[in-house]
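# Notes for the structure review
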Amino acid sequence: MKPFPEAPQGRPATTSWVPAVLRPRFTWRYVACALAIGYVLYSFVASRHLLAHPLPQYSGPHAVGAIDIEASAASPRLVDPARFKSTNENAFELRTVLFTLYYPASKGQHVIKHHHDWISKPVSVTAAGYAKFAHIGNFFTNALFTGAIKLLVGNIKIPAGVDLPLLGDKGVALDSSSSSTSSESSGILPGDNDEAEKILLERTGHSTREGYPVIVFSHGDASSRTDYTHYAGELASRGYVVAVLEHRDGSSPGPIIQEAGRADETRLTFRESELQSADGRDLKKDDYKKAQLDFRQAEIEEAVHVLKRINGGDGADVFAANPRREGASLHDWAGRLDTDSMVVAGHSFGATCAMQVLKGGPSEERPFRGAIILDPGKSSGRLNDDIDVPILVVHSNSWSKKRSMFYGRTHFDTVRDIVAGNNDRGYASWFLTSLGTSHPSVTDAPLLEPFLLSVTTGAEIDVYEALRQYVHVSNDFLKFLADGEKRNLLAEPVEFPEYEKSRGFGKWKPGQGDDDSKEKGGEWSDWRKYWQMHVSAA
């Protein structure tokens, strides 16, 4: 007698006729692909665009211009000796710096050039970078990612007008009918100085003698300079010049280096496993992160140098040497930027970088008098606490909610103590949580696909409201740096020393205020219900 009964011979096993593709192993890759295919089918059946929304127009009083600038480094150098294993080439050699300037422009100006693509061309390069981020880069997946990106966001344009003239110094439009060459080049409207000065002071806290306040922004890991166009553009529409860098430290999917006398070089994202030290040893993660941060800092210093050249009257030379062929009006920017007192900002890995560049500052190379820190990184290295300027640290709800361990203690406590310590040393600083938001809420992604991002990230707040809150608190902080006045949320005392999970958007407590009527409080009078204050300078 056989130990087990034989299977019936008359018909095959129940599932043998089912194709293998319908009997998969439920790996995360399969589930992700199934969700993506399901979403495409849903969009088709429901007659929805795959891309739910284009990027919205900016809400500030000014139009917004954009200029891509790539400039050769003033001092090309090897920032870190790490090399690629496959080619033995230097991974962190600084040759050029690339950034996009977002700035206030006059409304009604004719846009001569096309708008920038949200996904830089060629799309295949960016797609290959994202496939590599997902550890599934090959010919087939690269083509799949390219098709998906083209389908979803391939035709999205950034609303800022390319190469528009900088708004007149006085915060009002240039008088194109004036016969005075000096008045046209300076942007000063004859006979309107007092009123124009008042307008600029109200909007930015800066006078015309100081020039436009300048913000240098560092993007996060697995992202690029075009991921933050709306946040930067909103600030630009309120009177700020924002330089958003494209880092070539391995954190961007596929930046292309353009340098005079050399062929364009594509550098896909890379990991520490692809690198080795100068003496042939494998690179450790902490060493890799340090090299990345050092390289990012060097890029920021080069961007500052270029901005100072433009403000010093070398705008025409910067344009002539720019392989991106943008910046024709930079010659007219001389003396119109406040390059002696800049602000550094960043998100995630970029926030960690922004904190690092404050070490030992302010200095000639890093003239930062304040910083906006958005979700400082949890896996991008230690956070610098050697800070001698005011800082605004904003956590998304998801960043505060998850109690991540960070070098032996929770990340939240580490950040809170750094901000509190800065306050104790006399540098007004704030740490707060934006309720209902997730880590990508400050990026453009939720604006483009609000449904998909809310499902995948757990964000509960309306995506436009989230950006509105980030922009308003940032603007209030920038005004504080200019005039010392604590406004709106920044005037509130601490109500939540610890993050408290709340229902809805506002666990109201005594002291938070009980009047959110727009009739009495202005355009963002309802801010209290969207925030928890953990450290305050009020």
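Residues numbered from 1 in each chain as written. Predicted model: local features only at pLDDT ≥ 70, side-chain atom pairs only at ≥ 80, totals over all residues. Heavy atoms only, no water.

### Description of the packing of helix α2 (residues 123-133) against helix α3 (residues 139-153)
Between α2 and α3, the least distance of the axes is 8 Å, while the angle of their chain directions is 120°. Compared by their axis directions, α2 and α3 come out oblique. For the crossing formed where α2 meets α3, the hand is right-handed. From α2, V123, S124, A127, A128, Y130 and A131 reach across to α3, where they touch T141, N142, F145, T146, I149 and K150. When the residues that make up the contact of α2 with α3 are grouped by side-chain class, the tally is seven nonpolar, four polar and one charged. (Axes fitted to C-alpha atoms, helices over the stretch in contact; angles between N-to-C directions. Helix = DSSP H or I, 4+ residues; strand = E, 2+ residues; numbered from the N terminus. Parallel < 35°, antiparallel > 145°, perpendicular 65-115°, else oblique. Left-handed = near helix turned anticlockwise from the far one by under 90°. Contact = heavy atoms within 4.5 Å. Nonpolar A, V, L, I, M, F, W, Y, C, P; charged D, E, K, R; others polar.)

### Side note on the packing of aromatic side chains
Counted under the stated rule, the structure contains 14 aromatic pairs. Chaining the aromatic ring pairs together yields one cluster made of F84, F92, F270, Y288 and F295. Note that K289 overlies the ring of F349, its terminal NZ or CZ placed 4.9 Å from the centroid. In this structure, K378 packs its charged tip against the face of W399, placed 4.6 Å from the ring centre. (Phe/Tyr/Trp six-rings, centres within 6.5 Å; stacked < 30°, edge-to-face > 60°. Lys NZ or Arg CZ within 6 Å of the ring centre and 35° of its normal.)

### Description of the packing of helix α7 (residues 285-320) against helix α8 (residues 349-357)
Two numbers describe how α7 lies on α8: the axes approach to 10 Å, and their chain directions differ by 70°. One way to sum up the angle between α7 and α8 is to call them roughly perpendicular. In this structure, the crossing between α7 and α8 has a hand that is right-handed. Between α7 and α8, the contacting residues are K289, Q292, L293, D294, R296, Q297 and I300 on the first element and F349, G350, T352, C353, Q356 and V357 on the second. Here the residues of the contact of α7 with α8 sort into five nonpolar, five polar and three charged.

### Concerning unusual backbone geometry
Looking along the chain, the bond that leaves K121 and enters P122 is cis, with omega of -5°. Mapped onto the elements, P122 comes out in the loop between β2 (90-105) and α2. Cis geometry marks the peptide bond from G361 to P362; its omega dihedral reads -5°. Its location among the elements puts P362 in the loop between α8 and β10 (368-374). Positive phi is not limited to glycine here, since D163 has a value of about 65°. Along the chain, D163 falls in the loop between β3 (161-162) and α4 (181-186). For D163, a relative accessible area of 13% gives the class buried. At S348, a position not held by glycine, the phi torsion is positive, near 60°. (Buried < 20%, exposed > 50% of the residue type's maximum accessible area, 1.4 Å probe, protein only.)

### Remarks on the side chain of S380
If you trace the backbone, S380 turns up in the loop between β10 and β11 (391-396). Relative accessible area serves as the criterion here: at 3%, S380 is assigned to the buried category. Within the structure, S380 has its side chain in polar contact with the side chain of T352 (distance 2.8 Å). With residues near it in sequence (within four places) discarded, S380 still touches K289, L293, F349 and T352. (Polar contact = N/O pair within 3.5 Å; in protein donor to acceptor, adjacent residues only side chain to side chain.)

### Description of the side chain of R238
Summarising the element assignment, R238 is placed in the loop between α6 (229-236) and β5 (241-246). Separated by 3.1 Å, the side chains of R238 and S59 make a polar contact. Polar side-chain contacts of R238 include one of 3.4 Å to the side chain of S237.

### Observations concerning empty space enclosed by the protein
Remark: the empty space left among the atoms is shown by a probe the size of a water molecule rolled over them. In total, this model carries three cavities of 30 Å³ or more according to the counting rule given. Put simply, the second largest cavity is a space of about 70 Å³. S438, S441, P446, P450, L453, S454, T457, A459, I461, V463 and A466 are the residues that line the second largest cavity. If you list the elements that add at least two residues to the lining of the second largest cavity, you get α12 (450-457) and α13 (463-483). Ranked by residues supplied to the lining of the second largest cavity, first place goes to α12 with four residues. For the lining of the second largest cavity, the per-class residue count stands at seven nonpolar, four polar and no charged. (1 Å grid on protein atoms, 1.4 Å probe; cavity = no way out; pocket = protein on both sides within 12 Å on 5 of 7 lines; lining within 4 Å. Points joined across faces, edges and corners; volume = space filled by probe spheres on them.)

### Observations concerning the pattern of salt bridges
The tally for this structure, following the rule as stated, stands at 31 salt bridges. Across the salt bridge formed by R238 and E234, the nearest N and O atoms sit 2.5 Å from each other. Just as R238 is buried, E234 falls in that class too. Several salt bridges share partner residues, and in doing so they unite R403, R409, D413, R416, D417 and E498 into one network. (Salt bridge = Lys/Arg side-chain N within 4 Å of Asp/Glu carboxyl O.)

### What to know about the nonpolar core
Ranked by internal contacts, the top residues of the largest apolar core, which has 55 residues, are I69, F99, L101, Y103, W333 and F368. Sort the elements by how many residues they give to this core and α7 lands first, with eight residues. Setting aside residues up to four positions removed in sequence, W333 forms contacts with I67, L101, Y103, L166, V241, I310 and N311. (Core = buried A, V, L, I, M, F, W, Y, C linked by side-chain atoms within 4.5 Å.)

### Here's the deal with the pairing of strand β14 (residues 429-434)
Of all six residues in β14, six are buried; the element is thus mostly enclosed. Burial along β14 is two-sided: the residues S429, F431 and T433 and W430, L432 and S434 are all buried. Pairing of β11 with β14 involves six bridges; the strand directions are parallel. Of the residues in β14, the one forming a bridge with L392 is W430. Taken together, the four bridges between β14 and strand β15 (residues 531-535) define a ladder with antiparallel strand orientation. Bridge assignment links T433 to a residue of β15, and that residue is Q532. (Pairing = 2+ DSSP bridges.)

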